[in-house]
Amino acid sequence: MKTVQTGIEILDRKLGGGIPAGSLVALVAPPASQSELILFELTATRETLYLTTARSTEAVRDALTRTNTRVGSPTIKEVEADAPIDHALRLIRQLPEGANLIIDPIDVLEEDGGIRYRNFLNDVQTHMMNIGGIAFLHCLSGRAVPPMRDTTEYMADLVFTLAMDVKSDSIETRLTIPKFRGGVVTGDVIKLQLADRVAIDTSRDIA
């Protein structure tokens, strides 16, 4: 099966070269984290449709402009508040061959819930398989988690989970990959530095 590189070296290495084309990937992260840096770096490798469901297109474009990490030139579209699932699907169906998709965050669509949301994920995956792309779903793990989050993580082919540990003198961010459908889950914990770009934290914990 064809694999697609994320452009984030540590992820591609852990995944054996990249993510299988046609995959749904859930990035589960605290809302008060630098997880958007991962999304931004994903735009650098391929043509990307960036669907924003919460912030304006101008806000996302400004953030991409100001970041110091490596970014591409994604097409940024704001999902309409009325019938967000229908609007998002219309935009996604226009994706060309070899393009990736980012939905940031997926929470707004999860809140529509029920069979419509499950059918939406199936439709997205079918289209991504047809064009050889990857869909990245940014899932916020805050105080109010949408009731359809279990469905998102079940339907996803890969789940990336970010956890933060706030210490007296630092913030530690750890990435795990608890799910890789059709692949191998290594169980490794990747310690990241998410300051102004995605990097590996090479420091050693002191007991």
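See the structure above.
Owing to the predicted nature of the structure, the values given are computational and were not obtained by experimental measurement.

Visitor: Provide a residue-level description of helix 3 (residues 57-66), including the pertinent values.
Guide: Every buried residue belonging to helix 3 is among Thr57, Val60, Ala63 and Leu64, and all of these are buried. The buried residues of helix 3 occupy an angular sector of 130° when projected down its axis, which confines them to one face. Opposite the buried face of helix 3, by more than 90 degrees, sit the exposed residues Glu58, Thr65 and Arg66. The secondary structure elements touched by the buried residues of helix 3 are helix 2 (36-42), strand 4 (48-52) and strand 5 (75-78).

Visitor: Explain the packing of helix 4 (residues 84-92) against helix 6 (residues 114-131) to me, and be specific about the residues and the numbers.
Guide: Put simply, helix 4 and helix 6 touch, their axes get as near as 11 Å, and they point 5° apart. Here helix 4 lies roughly parallel to helix 6, going by the angle between them. Residue-level inspection shows Ile85, Asp86, Ala88, Leu89 and Ile92 of helix 4 in contact with helix 6, the latter providing Arg116, Tyr117, Phe120, Asp123, Val124 and His127. Across the contact of helix 4 with helix 6, the residue classes break down as seven nonpolar, one polar and three charged.

Visitor: Describe the pattern of salt bridges, naming the residues involved and giving the relevant values.
Guide: One side chain can pair with another of opposite charge once the charged atoms of both are near each other. Counted according to the given criterion, the structure contains 12 salt bridges. Arg66 is paired through a salt bridge with Asp62; the nearest N and O atoms lie 2.7 Å apart. With Arg66 and Asp62 both in helix 3 and four residues apart, the pair spans about one turn of that helix. Of the residues examined, Arg66 reaches a relative accessible area of 59% and is grouped as exposed. For Arg116, the salt bridge identified is with Asp112, shortest N-O distance 3.3 Å.

Visitor: Describe empty space enclosed by the protein, and please don't skip the residues or the numbers.
Guide: Over the atoms rolls a probe the size of a water molecule, and its path tells where empty space is left. Scanning the entire structure with this criterion turns up three cavities of 30 Å³ or more. Of the pockets and cavities examined, the largest cavity occupies roughly 90 Å³. What lines the largest cavity is simply Lys14, Leu15, Ile177, Phe180, Val184, Val185, Thr186, Gly187, Asp188 and Ile190. When its residues are assigned to classes, the lining of the largest cavity shows six nonpolar, two polar and two charged.

Visitor: Kindly report on the packing of aromatic side chains, identifying the contributing residues and their values.
Guide: Taken as a whole and assessed by the stated rule, the structure comprises two aromatic pairs. Aromatic side chains Phe40 and Tyr50 sit 6.4 Å apart centroid to centroid with 45° between the ring planes, which places their arrangement in the tilted category. Of this pair, Phe40 sits in helix 2 while Tyr50 is found in strand 4, placing the two residues 10 residues apart along the sequence. Of the residues examined, Phe40 reaches a relative accessible area of 1% and is grouped as buried. When the centroid spacing of 6.3 Å and the interplanar angle of 25° are considered together, the rings of Tyr117 and Phe120 count as stacked.

Visitor: How would you sum up helix 6? Please name residues and give values.
Guide: Helix length check: helix 6, at 18 residues, gives a terminal C-alpha distance of 27 Å against a target of 26 Å (1.5 Å per residue), a fit within 8%. Gly132, located one to two residues past helix 6, shows a positive phi value of around 75°.

Analysis parameters
Residues numbered from 1 in each chain as written. Predicted model: local features only at pLDDT ≥ 70, side-chain atom pairs only at ≥ 80, totals over all residues. Heavy atoms only, no water. Buried < 20%, exposed > 50% of the residue type's maximum accessible area, 1.4 Å probe, protein only. Helix = DSSP H or I, 4+ residues; strand = E, 2+ residues; numbered from the N terminus. Arc of directions from axis to C-beta. Contact = heavy atoms within 4.5 Å. Axes fitted to C-alpha atoms, helices over the stretch in contact; angles between N-to-C directions. Parallel < 35°, antiparallel > 145°, perpendicular 65-115°, else oblique. Nonpolar A, V, L, I, M, F, W, Y, C, P; charged D, E, K, R; others polar. Salt bridge = Lys/Arg side-chain N within 4 Å of Asp/Glu carboxyl O. 1 Å grid on protein atoms, 1.4 Å probe; cavity = no way out; pocket = protein on both sides within 12 Å on 5 of 7 lines; lining within 4 Å. Points joined across faces, edges and corners; volume = space filled by probe spheres on them. Phe/Tyr/Trp six-rings, centres within 6.5 Å; stacked < 30°, edge-to-face > 60°. Expected span 1.5 Å × (residues − 1).

So far we have only geometry, and geometry alone does not tell us how the molecule works.
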